[in-house]
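# Working through the structure, step by step
If you want the building blocks of each chain, they are given just below.
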Amino acid sequence: MKTYDCIVLGFGGVGSAALRYAALHGWNVLGIDRFGPAHDKGSSHGRTRVFRKAYFEHPDYVPILMESAELWDELNQRYRTKPSIKQLMHQTGVLAIGLPDSKVVQGVLQSSKQFDLPHEKFTAADIKQRLPIFNLRDDHVGVFEPESGYLLVEQCVTAMVSQALKHGAEIQSDTVAQRWNVSASGLVTVHTDRGEFQAERLIIAAGAWTRDLLPFLQDDLTVLRKQQHWYQLDRVDQKQVNDFPVFLFDQPDGHLYYGVPETDYLGMKVCRHSGGQEVPNPTTIDRSLDSDELAAVESFMDQRLIFGRKRLVHHSICMYTATTDGHFLVDRVPDHDNVVFAAGLSGHGFKMAPSIGKRLVGMLAGDRRPEFEFLRLRAP
Ligand SMILES: Cc1cc2nc3c(=O)[nH]c(=O)nc-3n(C[C@H](O)[C@H](O)[C@H](O)COP(=O)(O)OP(=O)(O)OC[C@H]3O[C@@H](n4cnc5c(N)ncnc54)[C@H](O)[C@@H]3O)c2cc1C
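Residues numbered from 1 in each chain as written. Predicted model: local features only at pLDDT ≥ 70, side-chain atom pairs only at ≥ 80, totals over all residues. Heavy atoms only, no water.

## So, the pattern of salt bridges
Pairing of side chains with opposite charge becomes possible as their charged atoms draw close. Going through the model one piece at a time under the given rule, you end up with 18 salt bridges. Residues Arg130 and Glu120 are paired through a salt bridge, measuring 4.0 Å at the closest nitrogen-oxygen approach. Taken together, the positions of Arg130 in helix H4 (residues 124–130) and Glu120 in strand E6 (residues 120–123) put the pair ten residues apart, joining distant regions of the chain. Through salt bridges that share partners, Arg20, Glu74 and Arg78 make up one connected network. (Salt bridge = Lys/Arg side-chain N within 4 Å of Asp/Glu carboxyl O. Helix = DSSP H or I, 4+ residues; strand = E, 2+ residues; numbered from the N terminus.)

Rendered as structure tokens:
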């Protein structure tokens, strides 16, 4: 049996990045996925992912975000060899709206200040004048981050996988890893429904299925069902829909909504970031339209956006894998120095996929990166 230098289990958002950096490192690497590159059954689909640097979740992510912006740019340059290939990142700016003391507004301001990130503060009147689509309370405020925007998610995964292949990686799609083990000599064997594969090292990036492969994380991860919706809006000035920033809207009831401008005929994407029903088994998740989540999003739209009539054109079901504190887990598997993993990206990790993938490879190659320390396994 061939022995690879490294196997990457799952080549979705993070795994495709790890696959690429493992190949760039010169390793003979195999990616294994239960589906294929850029599928719609996990957590990395739905046309767009928001990219922000002024991170309300925690300022410690900012150095990782700065690196990720550079890595996306570098990938874009290598992948986009002709103008017909769309850019991976679209810098529309991101506008965070809420009450002055809201978690999002306060968090964006704190990260912007701490890292001197370009941003502009807006009153409700400023926002209404520039973006009349918003229906705001007089005490709403906004923070605009001009250097952020959105990524084309499936295209990013495709780009990372194709660049990995270009540098010699192999992939094995439609293959389910059932378990893995490490021999006394340190060799890893991955047992799949298509046979066994061996490697010196293993990277696990299995998203919503992580608990099957890393049972010690069973109590630390919760898989949540999330719904993405796309709307065509009537009687909205075209400029407002097309030439529009990404927005985050922190509602006083504690729910956070976001919107992404039109990328194609499906129209504007509007979703709720908070909430979500627990998913016992990601493989058998119900992908039909959930009327409660839809009603919450439409009630937000009716309250906070101004338009004539809205038409739901498309919906898609995705999964968040949430940790108890909302921060990722990026670490070594206890007792196995040659097995590393990233898990629990908690609905906000795609934007950092290249950095996380690079970090996973770096951990196996012996690099030390202090900026990832806060994402290690937490003490029980
Ligand atoms: C609706 C929604 C909106 C989001 N919005 C944003 C956003 O705006 N910005 C942002 O940064 N992040 C966002 N996120 C979060 C982000 O998209 C995810 O955190 C990230 O894409 C997860 O990547 P992953 O590699 O962990 O999982 P995935 O991309 O799902 O990859 C896991 C892969 O492992 C494979 N796999 C699993 N088990 C096995 C097995 N046993 N054998 C073989 N293969 C296996 C799966 O098939 C899959 O391809 C959002 C997520 C969702 C669901």
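## Regarding the site of the ligand
Not every one of the 33 residues close to the ligand is listed here, only the nearest: Asp33, His39, Ser44, Val50 and Cys318. At 2.7 Å, a side-chain N or O of Arg49 approaches an oxygen atom of the ligand. Interatomic distance of 2.9 Å between a backbone N/O atom of Ala177 and a nitrogen atom of the ligand. Burial of the ligand by the protein chains amounts to 97% of its free accessible area of 1000 Å². Mapped onto the shell around the ligand, the elements with two or more residues apiece are helix H1 (13–24), strand E3 (48–51) and strand E18 (310–323). (Near = heavy atom within 4 Å. Polar contact = N/O pair within 3.5 Å; in protein donor to acceptor, adjacent residues only side chain to side chain. Areas by Shrake-Rupley, 256 points an atom, 1.4 Å probe, with all protein chains shown as cover.)

## Examining the sheet that holds E3
Strand pairs in the sheet, formed through backbone hydrogen bonds, run parallel or antiparallel to each other. Ordered in space as E3-E8-E4, the three strands form an open sheet in which the pairing is antiparallel. The open sheet terminates on both sides in strands that have one partner only, identified here as E3 and strand E4 (89–90). Strand direction decides the pairing type here: E3 and strand E8 (residues 149–152), joined by four bridges, are antiparallel. Directly across from Arg49, in E8, lies its bridge partner Leu151. Sheet strands in contact with helix H2 (residues 62–79) are E3, E4 and E8, and its direction is about 130° off that of E3. (Pairing = 2+ DSSP bridges. Contact = heavy atoms within 4.5 Å. Axes fitted to C-alpha atoms, helices over the stretch in contact; angles between N-to-C directions.)

## Looking at the nonpolar core
A general trend in soluble globular proteins is that nonpolar side chains are found buried together. Trp72, Ile203, Val330, Ile356 and Leu360 are the most contacted members of the largest nonpolar core, which totals 74 residues. Considering every element that reaches this core, the biggest residue donor is H2, with eight residues. The residue makeup of this core includes at least three contributed by each of domain 1 (3–46 + 154–219 + 326–375) and domain 2 (92–149 + 221–323). Here Leu360 is in contact with Val14, Ile203, Val330, Val340, Phe341 and Ala342, once residues within four sequence places are set aside. Formed by 30 residues, the second largest nonpolar core is a distinct cluster that contains Val279, Val339, Phe341 and Ala343. (Core = buried A, V, L, I, M, F, W, Y, C linked by side-chain atoms within 4.5 Å. Buried < 20%, exposed > 50% of the residue type's maximum accessible area, 1.4 Å probe, protein only. Domains from an automatic or database assignment.)

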